[in-house]
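Each chain, written out:
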Amino acid sequence: MIKTWALAWAWAKSEPILVWGREGIRFRRRLTMETRAQKKTYLHYNHTDPCRFARWTARESYEFMEARPWQEVNEFYSNAVNGQSSLSALFGIQNFLQTHHVHNNAEIPEVSDKTELESVSAEERTGRWARSTFKIVLSYHGGSFDGWQKQPGLNTVQGLIEISLGKFVDENKVKLLKDKGLPLEGCVVVAGRTDKGVTALQQNCAFSTWRRDIKTQDIGEAINSAVPGKLRVISVSEVSRVFHPNFSAKWRRYLYIFPLNDWEDGEHSSESGEDLEHFRCSENEDDQKIGRVECNGETVENQIINDGEELESGKKPRNFRISRVNLLLQQLEGKLLSYKMFARDTKASRRGCGPPTECFVYHARAKEARLPSSDHGEGRMVMCVELVANRFLRKMVRVLLATSVREAAAGAEEDALLKLMDATCRRATAPPAPADGLCLVDVGYEEFDSQICLIPKD
């Protein structure tokens, strides 16, 4: 074996250090990375509105979101999955999910004599006609899994469910899996994949098989026995084979619980009007220079380039009004808009190529609430944000939440979120809020009813 060596220089001293083998190569790479880090250029979107000096940078927004008692929100979601708590206790609405679940299922045709199979007896069904489709409604705690989508070596919800459904696979698929050397697993499709840390209270998925001896109760018991306390089946029903949990869905409802620190009050800002006016009227732009960079595949000209630390323009507001967040979100209701600036980890649609980015928001509201307390004391004050839309882009809810809080703290105008739709770079919006606060409440297969909401309209 040929020995390799690297002659490295100490970072703090000018003394040569002779390091042999792989350690020398690693040491040299580490020095290179540290050198690049010190020369790193921080890019900020060049907002031109009067609130630009009061608006948090990406790092400031991230720190504001992270420095919160997220464990209490995680505990509430865990109790909700186990049935020990509920959204009814949080919002004071009696049996919200139970009532809506029964009403929602009425729109999904179940297998009966009145379906498309009525002219074909069970013994004569072959091919696609013989397939049975089961709709499974699940509740799972996001903090206990690495997201929904199955990935090698990770503890995912989909992976766990498909292993549990392996015993219900038909003979032809069993033979096919054995021939390919694959594990015996079922296959499920879902209404919407959730990221790591995101909880779901009524996630919808479907499982199809050509076996005719399967009972809905057996499917529920198989999944419930996998990881008790973290994953729970709410209901299993045999539905029409045309049902698809994603394509048949007409809307999705998300809830974000944002915990407030003990010294915070969501309806009072610590910054005075004079302070905000100072930020808006400040015209100190001598240290800024405009550059041309590449951002998410798009050429951008309105970026602020700052060599070193972020721009400092005095103490920025650190509190926000929940009523202001509510007002910002209301402007999105009833509009079909492109949310590509509020998406992450997905390419923005250009010239008709790529995934569509338009979403129709039915309901967008925020209100103050208090988490239920198990010790009969007062629970944590939180801000709850409810969003209902026909579809959501990747991390869209979390970016919307973080950006709304940032704009509310900066004292932005009511249409601030709408104006950000026309931005030229995703750096114009805030980094995604933590996944701990996000929850997929339910999925709708009938037309959205604005009267059935967690946060009603005024």
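Residues numbered from 1 in each chain as written. Predicted model: local features only at pLDDT ≥ 70, side-chain atom pairs only at ≥ 80, totals over all residues. Heavy atoms only, no water.

The name an unreviewed UniProt entry gives the protein is tRNA pseudouridine synthase, with Castanea mollissima as the organism. Under the heading Sequence similarities (unreviewed entry), UniProt records this for the protein: "Belongs to the tRNA pseudouridine synthase TruA family." What the UniProt record of the protein gives under Catalytic activity (unreviewed entry) is the line "uridine(38/39/40) in tRNA = pseudouridine(38/39/40) in tRNA". (UniProt positions renumbered as here; feature names shortened; annotations may be inferred.)

Moving on to the overall build of the protein. Secondary structure summary: the protein contains twelve helices and 14 strands in total. Across the 458 residues of the protein, 49% fall into the buried class. Considering only contacts within the protein whose residues lie at least 6 apart along the sequence, 77% involve residues at least 24 apart. Total accessible area on the protein is roughly 24000 Å²; 49% of this is exposed by carbon and sulfur atoms. (Helix = DSSP H or I, 4+ residues; strand = E, 2+ residues; numbered from the N terminus. Buried < 20%, exposed > 50% of the residue type's maximum accessible area, 1.4 Å probe, protein only. Contact = heavy atoms within 4.5 Å. Areas by Shrake-Rupley, 256 points an atom, 1.4 Å probe, with all protein chains shown as cover.)

We now examine helix α6 (residues 157-164). Since the α-helix turns once every 3.6 residues, residues separated by three or four places project in the same direction. Where burial is concerned, most of α6 is hidden: seven out of the eight residues are buried. Every buried residue of α6 is listed here: V157, Q158, G159, L160, I161, E162 and S164. Against β4 (132-140), β5 (188-190), α8 (216-224) and β7 (231-239) lie the buried residues of α6. At the N-terminal boundary of α6, the capping side chain belongs to T156, with an oxygen 3.2 Å from the backbone nitrogen of G159. (Polar contact = N/O pair within 3.5 Å; in protein donor to acceptor, adjacent residues only side chain to side chain.)

A few words now on the pattern of salt bridges. For the coordinates displayed, the defined rule picks out 20 salt bridges. D179 is the partner of K175 in a salt bridge, and the nearest nitrogen-oxygen pair spans 3.2 Å. Of this pair, K175 and D179 both sit in helix α7 (residues 171-179), separated by four residues, roughly a single helical turn. The residues K175 and D179 share a single accessibility class, namely exposed. Salt-bridge contacts for R370 lead to E378; the nearest nitrogen and oxygen are separated by 3.6 Å. The class of R370 is partly exposed, set by a relative accessible area of 33%. Each of R55, R406 and E407 takes part in one network of salt bridges that share partners. (Salt bridge = Lys/Arg side-chain N within 4 Å of Asp/Glu carboxyl O.)

This paragraph deals with the layout of surface pockets. For the largest pocket, the calculated volume is near 970 Å³. If you trace the largest pocket, you find 37 residues lining it, with G192, R193, F392, L393 and R394 closest to the centre. Only β5, β8 (251-259), α11 (396-410) and β14 (438-444) provide two or more residues apiece to the lining of the largest pocket. Across the lining of the largest pocket, the residue classes break down as 16 nonpolar, ten polar and eleven charged. (1 Å grid on protein atoms, 1.4 Å probe; cavity = no way out; pocket = protein on both sides within 12 Å on 5 of 7 lines; lining within 4 Å. Points joined across faces, edges and corners; volume = space filled by probe spheres on them. Nonpolar A, V, L, I, M, F, W, Y, C, P; charged D, E, K, R; others polar.)

We now examine the packing of aromatic side chains. For the coordinates displayed, the defined rule picks out 14 aromatic pairs. Ring plane angle 40° and centroid distance 4.4 Å describe the contact between W56 and F64, whose orientation is recorded as tilted. A relative accessible area of 4% places W56 in the buried class. The interplanar angle of 75° and the centroid separation of 6.3 Å between the aromatic rings of F64 and F320 together place this pair among those described as edge-to-face. Residue F64 is found in helix α2 (residues 58-66), and its partner F320 is found in the loop between β10 (298-307) and α10 (322-330); the two are separated by 256 residues along the sequence. Assessed through its relative accessible area of 5%, F64 is described here as buried. Among the aromatic residues, those joined into a cluster by ring pairs are W56, F64, W70, Y256, F258 and F320. One residue, R68, lies across the ring of F64, its end atom 4.5 Å from the ring centre. (Phe/Tyr/Trp six-rings, centres within 6.5 Å; stacked < 30°, edge-to-face > 60°. Lys NZ or Arg CZ within 6 Å of the ring centre and 35° of its normal.)

As a further point, take the packing of α10 against α11. The interhelical angle for the contact between α10 and α11, taken along N-to-C directions, is 120°, at an axis separation of 9 Å. Between α10 and α11, the angle is such that the two are oblique. Read as a crossing pair, α10 and α11 show a hand that is right-handed. Seen from α10, the contacting residues are R324, V325, L328 and L329; seen from α11, they are S404, V405, E407 and A408. The residue inventory of the contact of α10 with α11, partitioned by class, reads five nonpolar, one polar and two charged. (Axes fitted to C-alpha atoms, helices over the stretch in contact; angles between N-to-C directions. Parallel < 35°, antiparallel > 145°, perpendicular 65-115°, else oblique. Left-handed = near helix turned anticlockwise from the far one by under 90°.)

As a further point, take unusual backbone geometry. Phi at K395 takes a positive value of approximately 60°, unusual for a residue other than glycine. Inspection of the secondary structure puts K395 in the loop between β13 (381-389) and α11.

Let us now look at the nonpolar core. The tendency in soluble globular proteins is for nonpolar side chains to be buried as a group. Ranked by size, the top nonpolar core spans 105 residues in total, and within it I136, L138, I219, I257, F258, F320 and Y339 carry the most contacts. If you tally residues by element for this core, the top one is α11, at ten residues. Those residues in contact with L138, other than ones at most four positions away along the chain, are W148, I161, A200, L201, Q202, Q203, C205, I223, L231, R232, V233 and I234. (Core = buried A, V, L, I, M, F, W, Y, C linked by side-chain atoms within 4.5 Å.)

This next bit is on the packing of α2 against α11. Running from N to C, α2 and α11 cross one another at 105°; their axes reach a closest spacing of 11 Å. Judged by the angle between their axes, α2 and α11 are roughly perpendicular. Contacts between α2 and α11 involve S61, F64 and M65 from the first element and L401, A402 and V405 from the second. The residue inventory of the contact of α2 with α11, partitioned by class, reads five nonpolar, one polar and no charged.

Along the polypeptide, R398 turns up in helix α11. On the basis of relative accessibility, which here comes to 10%, the residue R398 falls in the buried class. A polar atom in the side chain of R398 sits 2.8 Å from the backbone oxygen of A433. Every residue in contact with R398, bar those within four places of it in the chain, is listed here: D195, Y256, P432, A433, P434, A435 and L438.

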